[in-house]
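Close look at the chain arrangement
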Amino acid sequence: EPYSHWHNKAEAAIRALKRLYKKISHGLPIPRKYWFYLLRHCSDTLNRTALNIYSLEGKTPYEKLHGEVPDIGPWLKFKYGEPVFFNFQKATQHSRDFPPDDTKQIGRWLGVYRHDAATRTFYILTKEKGSAAVLTRSDVIPWTAEEKKNPEFIRQLAQFDAAIMRNDNNDSRT
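Residues numbered from 1 in each chain as written. Predicted model: local features only at pLDDT ≥ 70, side-chain atom pairs only at ≥ 80, totals over all residues. Heavy atoms only, no water.

Some thoughts on the overall build of the protein chain
Secondary structure assignment for the protein chain yields six helices and five strands. From first element to last, N terminus to C terminus, the protein chain shows the α and β order α-α-α-α-β-β-β-β-β-α-α. Relative to its 174 residues, the protein chain shows a buried fraction of 38%. Within the protein chain, contacts between residues separated by at least 24 positions form 55% of all contacts whose residues are at least 6 apart in sequence. (Helix = DSSP H or I, 4+ residues; strand = E, 2+ residues; numbered from the N terminus. Buried < 20%, exposed > 50% of the residue type's maximum accessible area, 1.4 Å probe, protein only. Contact = heavy atoms within 4.5 Å.)

The following block contains the structure:
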């Protein structure tokens, strides 16, 4: 039947993508112009997760297409929009051995850089010279439980979010 959504297999995938997107995006302090990273993250996650679809034969969409089991580890390391630390200087092999704290930068995790997922390279929303920017970085670490409770880090994150959102509001008026 023409115009029948149940005949188009893509409709179910789009519906699942929209559902996940809405679930994750609610209340995030990420400017709208960067939300396509969330859509990409949702798409990548769904393509690397088993779905109850008979034609996939128990495989993920990624596995069915590429013939190999996907490594979903990079997509599970952080939550979308999670505050992270990154550094412009290279970190050592030990994940928390960054250079001194004064060079540690606050950012928000926007997803996995697809072209370098094996080495755990990520998109990070940053603030450079007062405006928002997205970098690809592999030297990214999550905040510890203590840091998430630290009033100084909470204050810095609030300032970061306010600057990013203020910048987005200024950009949308031009």
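With respect to the nonpolar core
Membership of the largest hydrophobic core comes to 20 residues, with the highest contact counts inside it found for Ile30, Tyr34, Tyr80, Leu110 and Leu125. Secondary structure elements with two or more residues in this core: helix H2 (36-47), strand E2 (105-112), strand E3 (122-128) and helix H6 (151-173). In terms of residues, this core owes the most to one element, H6, which gives four residues. Leave out the neighbours within four places in its chain, and Leu110 touches Ile30, Tyr34, Tyr37, Tyr80, Tyr123, Ile124, Leu125 and Val134. With 10 residues, the next largest nonpolar core counts Val84, Trp109, Phe122 and Leu135 among its residues. (Core = buried A, V, L, I, M, F, W, Y, C linked by side-chain atoms within 4.5 Å.)

Examining unusual backbone geometry
Backbone geometry at Glu57 places phi at a positive 55 degrees, although glycine is not the residue there. Relative to the assigned elements, Glu57 resides in the loop between H2 and helix H3 (61-66). You can call Glu57 exposed: its relative accessible area is 56%.

Looking at the sheet that holds strand E5 (residues 140-142)
Taken in spatial order, the five strands line up as E4-E3-E2-E1-E5 in an open sheet, and their pairing is antiparallel. This sheet does not close on itself; its edge strands, each paired only once, are strand E4 (131-137) and E5. Strand after strand, the sheet turns through a mean of 45 degrees between neighbouring axes, direction not considered. Here strand E1 (residues 83-86) pairs with E2 via four bridges, running antiparallel. Directly across from Val84, in E2, lies its bridge partner Gly107. (Pairing = 2+ DSSP bridges. Axes fitted to C-alpha atoms, helices over the stretch in contact; angles between N-to-C directions.)

Structural notes on the confidence of the model for the protein chain
Summarising the model, the protein chain shows a mean pLDDT of 81, and 79% of its residues fall at 70 or more. The low-confidence segment residues 91-96 (pLDDT under 50) makes 10 contacts with residues lying over four places distant or belonging to another chain. (pLDDT = per-residue confidence, 0-100.)

Some details on the environment of Lys22
Mapped onto the secondary structure, Lys22 falls in helix H1 (residues 9-25). For the pair formed by Lys22 and Leu39, sequence separation is 17 residues and the distance between their alpha carbons is 9.7 Å.

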